[in-house]
Amino acid sequence: MNNETLNALLTRRSVVARDLSSPGPSAEERDQILAAGHRVPDHGKLGPWRFIVFEGESRETFGEHLATIFMADNPDAGEKNREIEKTRFTRAPLVIAVISAPVEHKVPQWEQELSCGAVCQNMLLAADALGYGAQWITEWYAYHPSVNTVLGLQKNERVAGFIYVGAKTAQPGERVRPALDERVLYWQ
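Description of the structure in this document.

Cut-offs and rules
- Residues numbered from 1 in each chain as written.
- Predicted model: local features only at pLDDT ≥ 70, side-chain atom pairs only at ≥ 80, totals over all residues.
- Heavy atoms only, no water.
- Buried < 20%, exposed > 50% of the residue type's maximum accessible area, 1.4 Å probe, protein only.
- Helix = DSSP H or I, 4+ residues; strand = E, 2+ residues; numbered from the N terminus.
- Pairing = 2+ DSSP bridges.
- Contact = heavy atoms within 4.5 Å.
- Disulfide = S-S within 2.5 Å.
- Phe/Tyr/Trp six-rings, centres within 6.5 Å; stacked < 30°, edge-to-face > 60°.

## A short note on the pairing of strand β5 (residues 158–168)
Alright, step 1. Within β5, nine of the 11 residues are buried, which leaves it mostly tucked inside the rest of the structure.
Alright, step 2. The pairing of strand β4 (residues 133–137) with β5 spans five bridges and is classified as antiparallel. In the sheet register, alanine 134 faces β5, and the bridge partner there is valine 165.

Structure, rendered in structure tokens:
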């Protein structure tokens, strides 16, 4: 038994995006995170996901799109809120959009979507194993049709989440979780 792996699984915590900073993963570490995401259970070997990577200036460029879309929907939001939207992707040095891209196949779409969720979890675990903090976020922009257009999503695709990765500026505290014994039934 690998107690180090089990301990990592039992103690892993997301680090909120506001508590992430530079330095972010190197190109090699980024590629390891992507490879870990790509190595999940995948019934039918379909790979029903893809990634969009935001690093460097692309984070600011995408932030301009977010701010424009947000202000179009909320014209009275004010400059402070516009700035919040504009800087969302600069909260971490690396942001990876995980795109659920199910395909027509005998493997049910639900299984393909679950596989995509496993992609996100593996990426969080990989970032943690490399010593980085990470958070899986959706927020409003994961569901907005105009954001989907900017991202170039196809009709069958949607954002499973944005994985924010960076150096930890604070350690996450433990959070209250539902009682495990209330969630487990032993079939008789």
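## Some remarks on the side chain of asparagine 148
Alright, step 1. For asparagine 148, the location among the structural elements is in helix α6 (residues 145–151).
Alright, step 2. Those residues within four positions of asparagine 148 in sequence are excluded, and the remaining contacts are Ala142, Leu153 and Val159.

## Concerning the state of the cysteines
Here, the word disulfide means a covalent bond between the sulfur atoms of two cysteines.
Alright, step 1. Counted under the stated rule, the structure contains zero disulfides.
Alright, step 2. Left without a disulfide partner, cysteine 116 is nearest to the cysteine sulfur of cysteine 120, which lies 5.2 Å away.

## As for unusual backbone geometry
Alright, step 1. With an omega of 5°, the peptide bond between serine 22 and proline 23 qualifies as cis.
Alright, step 2. Its place among the elements puts proline 23 in the loop between β1 (20–21) and α2 (27–38).
Alright, step 3. Here the phi dihedral of lysine 45 falls at roughly 50°; this positive angle occurs in a residue that is not glycine.
Alright, step 4. The topology assignment puts lysine 45 in the loop between α2 and β2 (49–55).
Alright, step 5. With relative accessibility at 78%, the residue lysine 45 sits in the exposed group.
Alright, step 6. Its identity is not glycine, yet glutamate 139 carries a phi of approximately 60°, on the positive side.
Alright, step 7. Structurally, the position occupied by glutamate 139 is in the loop between β4 and α6.

## A short note on the packing of aromatic side chains
Alright, step 1. Applying the stated criterion across every chain yields a total of nine aromatic pairs.
Alright, step 2. For the ring pair phenylalanine 54 and phenylalanine 62, a centre distance of 4.8 Å and an interplane angle of 45° mean the geometry is tilted. Accessibility classification places phenylalanine 54 together with phenylalanine 62 in one group, the buried group.
Alright, step 3. Ring geometry for phenylalanine 89 against phenylalanine 162: centres 5.3 Å apart, planes inclined by 70°, an arrangement best described as edge-to-face. Here phenylalanine 162 lies in strand β5 and phenylalanine 89 lies in the loop between α4 (78–86) and β3 (94–100), a separation of 73 residues in the sequence.

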